[in-house]
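So you can see what is in the structure, the chains are spelled out below.
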Amino acid sequence: RSGASKLLIAGDFTGYYYHPEEVLALLEKWDYAAVGGNHDYLLSGGLAAAKSYKKLYGSAQLIALRVLDKKQLEKIISFPEKLDMDFEGKKILLCHGSPWASDEYIYPDAPSEVFEKISRLGYDFVILGHTHYPFVKKIGKTIIINPGSVGQPRDEGGNSSWALVDFNTG
């Protein structure tokens, strides 16, 4: 409804959520690019990893292993850790944690040196996930975005969040 032409997804299709099959079905209607999140890669550990995971995070991984078919599981596990792309003439990096590690947390209040290091990579836009805290930072010519989380928001208020970006205007 907002006129989005492509979805860019920063990972964690699974992990806390109890209907990953419905999410994947909804996404089939869209043009999207995605990276895997730390929770997604845990699926490759199978039942043993999911049982261990349950102690900390609940039964969502066990449910994912039960309701997703082999093709869906392979798709989620095969998402890259980061994705370098050109879209609408802009150079974009999509990653889950940071450009250096998929499980590195970059919060809105991270030291300025972290954001400056990201801007030196030379991208127009860097899109992050992992923390579930939304923010936008412009450092030099780079716009760094964490859209937050649709399914597991952690910022004040706990409302679903996402970013709608016009790459032409910034």
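Residues numbered from 1 in each chain as written. Predicted model: local features only at pLDDT ≥ 70, side-chain atom pairs only at ≥ 80, totals over all residues. Heavy atoms only, no water.

A. Seen up close, the environment of Glu81. Structurally, Glu81 is set in the loop between α5 (70–78) and β3 (82–87). Given the relative accessible area of 47%, Glu81 is considered partly exposed. Sequence-distant contacts of Glu81, that is, excluding residues within four places in its chain, are made with Val35, Tyr41, Leu94, Cys95, His96 and Ser102. (Helix = DSSP H or I, 4+ residues; strand = E, 2+ residues; numbered from the N terminus. Buried < 20%, exposed > 50% of the residue type's maximum accessible area, 1.4 Å probe, protein only. Contact = heavy atoms within 4.5 Å.)

B. Layout of the sheet that holds β3. Ordered by their spatial adjacency, 5 strands build an open sheet running β3-β4-β5-β7-β6, and the pairing between neighbours is mixed. Each edge of the sheet is formed by a strand with only one pairing partner; in this case those strands are β3 and β6 (135–139). Strand-to-strand twist in this sheet, taken as the mean axis angle between neighbours without regard to direction, amounts to 15°. Running at roughly 65° to β6, helix α6 (residues 112–119) makes contact with β5 (125–127), β6 and β7 (142–146) of the sheet. (Pairing = 2+ DSSP bridges. Axes fitted to C-alpha atoms, helices over the stretch in contact; angles between N-to-C directions.)

C. Broad picture of the environment of Ile145. Here Ile145 shows up in strand β7. Overall, Ile145 belongs to the buried group, its relative accessible area being 5%. If we skip the residues at most four places from it in the chain, Ile145 touches Phe125, Val126, Ile127, Leu128, Phe135, Val136, Ala163 and Val165.

D. View of the packing of helix α3 (residues 46–57) against helix α4 (residues 60–67). At a closest axis distance of 7 Å, the pairing of α3 and α4 adopts a crossing angle of 150°. As summarised for this structure, α3 and α4 are arranged roughly antiparallel, according to the angle between their axes. Here Gly46, Leu47, Ala50, Lys51, Tyr53 and Lys54 of α3 come into contact with α4, specifically with Gln61, Leu62 and Leu65. Classifying every residue of the contact of α3 with α4 gives 5 nonpolar, 2 polar and 2 charged. (Parallel < 35°, antiparallel > 145°, perpendicular 65-115°, else oblique. Nonpolar A, V, L, I, M, F, W, Y, C, P; charged D, E, K, R; others polar.)

E. Inspection of the packing of aromatic side chains at higher detail. Across all of its chains, the model carries 6 aromatic pairs by this definition. Measuring from ring centre to ring centre gives 5.5 Å for Tyr107 and Tyr133, while their planes differ by 70°; the resulting arrangement is edge-to-face. Residue Tyr107 is found in the loop between β4 (90–95) and α6, and its partner Tyr133 is found in the loop between β5 and β6; the two are separated by 26 residues along the sequence. Taking relative accessible area as the criterion, Tyr107 reaches 32% and is therefore assigned partly exposed. We classify Tyr133 as partly exposed; its relative accessible area is 30%. A centroid spacing of 4.8 Å and a plane angle of 85° characterise the contact between Phe125 and Phe167, whose relative ring orientation is edge-to-face. Linking Phe125 in strand β5 with Phe167 in the segment after β7, this pair joins segments that are 42 residues apart in sequence. Grouped by ring-pair contacts, the aromatic residues Phe87, Phe125 and Phe167 constitute a single cluster. Lying across the ring of Tyr123, Lys91 places its NZ or CZ 4.8 Å from the centre. (Phe/Tyr/Trp six-rings, centres within 6.5 Å; stacked < 30°, edge-to-face > 60°. Lys NZ or Arg CZ within 6 Å of the ring centre and 35° of its normal.)

F. Fine view of the environment of Gly170. Relative to the elements of secondary structure, Gly170 occurs in the segment after β7. Look at Gly170 and you get exposed, because its relative accessible area is 56%. Remark: the alpha-carbon pair of Gly170 and Val114, spanning 56 residues in sequence, is separated by 21 Å. Apart from residues no more than four positions distant in its own chain, Gly170 is found in contact with Phe125 and Ile143.

G. Geometry of the pairing of β7. In terms of residue burial, β7 counts as a mostly covered element, since 5 of its 5 residues are buried. Residues of β7 alternate between two faces, with Thr142, Ile144 and Asn146 on one and Ile143 and Ile145 on the opposite face, all of them buried. By the bridge criterion, 3 bridges tie β5 to β7 in an arrangement that is parallel. Looking across to β7, one finds that Phe125 is bridged to Ile143. Sheet analysis places β6 next to β7, joined by 5 bridges and oriented antiparallel. When the sheet's bridge partners are listed, Val136 is paired in β7 with Ile145.

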